[in-house]
Amino acid sequence: MTPEAITVLGLGNLGRAVAQAFLRAGHPTAVWNRSAAKASGLAAAVAATPAEAVAASGLVVVAVLDNQAAQQVLHGVDVRGRALVNLTSGTPEEARNLARWAAENGADYLHGAVYAVPQTIGTDASAINYSGSPAVHERWSEQLALLGKVTFLGEDAGRASGYDVAILSGMYGLLGGFLHAAALARAGGIKATDLTSMLLSWLTDMHPALHTFAEEIDSGSYAGGESSLAMNQSGLALLIRATESQGVPFAALDSLKDLVDRQVADGHGEESLARAVESFARG
Ligand SMILES: NC(=O)c1ccc[n+]([C@@H]2O[C@H](COP(=O)([O-])OP(=O)(O)OC[C@H]3O[C@@H](n4cnc5c(N)ncnc54)[C@H](OP(=O)(O)O)[C@@H]3O)[C@@H](O)[C@H]2O)c1
């Protein structure tokens, strides 16, 4: 089978790794980047404009800083008949707007949320969740698989980003918690490296509880809580006192306690900690 031409718009860290993966597989690859110098060293056809690059291929992969930049790059370009695959991070609504724009301009749109760093693109350590056009997902499946494990989440172009922002929130919550734990440990004369293996051991033991919490959240039934709101309210108050006395307060803990406090105030103290999610629903 003759490798088909592919276009990559955006040669930042991700876009360059994507172009390299296609080139490694023998696909004639056309590239465009706002700063032309970033194309140096790539055995690709370097286009002078996004329009020239898009004209070269049926599959157009976009990887720029944000969706505003993606809109600017695509503005005024003839994308008729193209499969647009946008790997740029953004909100679900931005992806849906781009899908609408693509449809109005005669293109099919697939949005991808990337779970990889540029160095792992094209390896087993790379996974990309897609949503949007099933036709693009099917027609270009072999080429998309060159970038990492493909998961298709359905026709709503915003769905991959919907998962993505939720996953990012979980990731930043974990990272924020880790940084605060390291600061708290340091304030108590404990090295971050000494703390981390114990922390990871505890997190590994407790992470299955997230499945239980998720089932409680989906069912809206919080009666069987082994980790009650009242117990966690007390634990968070203790922790907040400790952080203040050690000189490293962290507003995220106050926010979390506020979610718990509101449920306890409504008479749910004996129910599962997972019920705190209902405090978000009230804003
Ligand atoms: N890197 C990762 O590990 C990773 C992982 C998952 C998802 N992502 C997502 O992938 C996207 C790209 O990430 P990256 O790491 O490649 O970022 P990056 O290295 O900072 O590159 C940003 C790219 O966007 C271009 N750009 C920015 N503003 C532009 C504009 N107004 N018009 C045209 N081009 C513009 C830049 O062009 P210039 O070179 O001209 O500045 C550059 O090509 C982001 O949305 C990021 O969240 C990245």
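This is a predicted model, so every value here is computed, not measured.

## Observations concerning the overall build of the chain
Inference 1: Per the secondary structure count, the chain includes 12 helices and eight strands.
Inference 2: For the chain, the C-alpha atoms occupy an extent of roughly 65 × 40 × 30 Å along the three principal directions.
Inference 3: Scored against the burial criterion, the 283 residues of the chain give a buried share of 35%.

## Let's talk about the site of the ligand
Inference 1: Residues in close proximity to the ligand total 23 residues, the closest being Gly-12, Leu-14, Arg-34, Ser-35 and Ser-89.
Inference 2: Put simply, the parts of the chain that give the shell around the ligand at least two residues each are helix H1 (13-24) and helix H3 (67-74).
Inference 3: The class makeup of the residues in the shell around the ligand is 11 nonpolar, nine polar and three charged.

## Side note on the domain arrangement of the chain
For interface size, the figure often reported is the accessible area lost on association.
Inference 1: Split by domain assignment, the chain resolves into domain 1 (6-161) and domain 2 (208-281).
Inference 2: Distance from the C-alpha centre of domain 1 to the C-alpha centre of domain 2: 40 Å.

## Some points on helix H9 (residues 209-219)
Inference 1: With one of 11 residues buried, H9 is to be regarded as a mostly surface element.
Inference 2: With its phi angle positive at about 70°, Gly-220 sits one or two positions after the end of H9.

## Some words on the environment of Ser-133
Inference 1: Relative to the helices and strands, Ser-133 is located in the loop between strand S7 (127-132) and helix H5 (134-139).
Inference 2: With 23 residues separating them in the primary sequence, Ser-133 and Leu-110 have C-alpha atoms 5.3 Å apart.

Conventions used here
- Residues numbered from 1 in each chain as written.
- Predicted model: local features only at pLDDT ≥ 70, side-chain atom pairs only at ≥ 80, totals over all residues.
- Helix = DSSP H or I, 4+ residues; strand = E, 2+ residues; numbered from the N terminus.
- Buried ≥ 20, exposed ≤ 12 C-beta atoms within 10 Å, placed from the backbone.
- Near = placed C-beta within 6 Å.
- Nonpolar A, V, L, I, M, F, W, Y, C, P; charged D, E, K, R; others polar.
- Domains from an automatic or database assignment.

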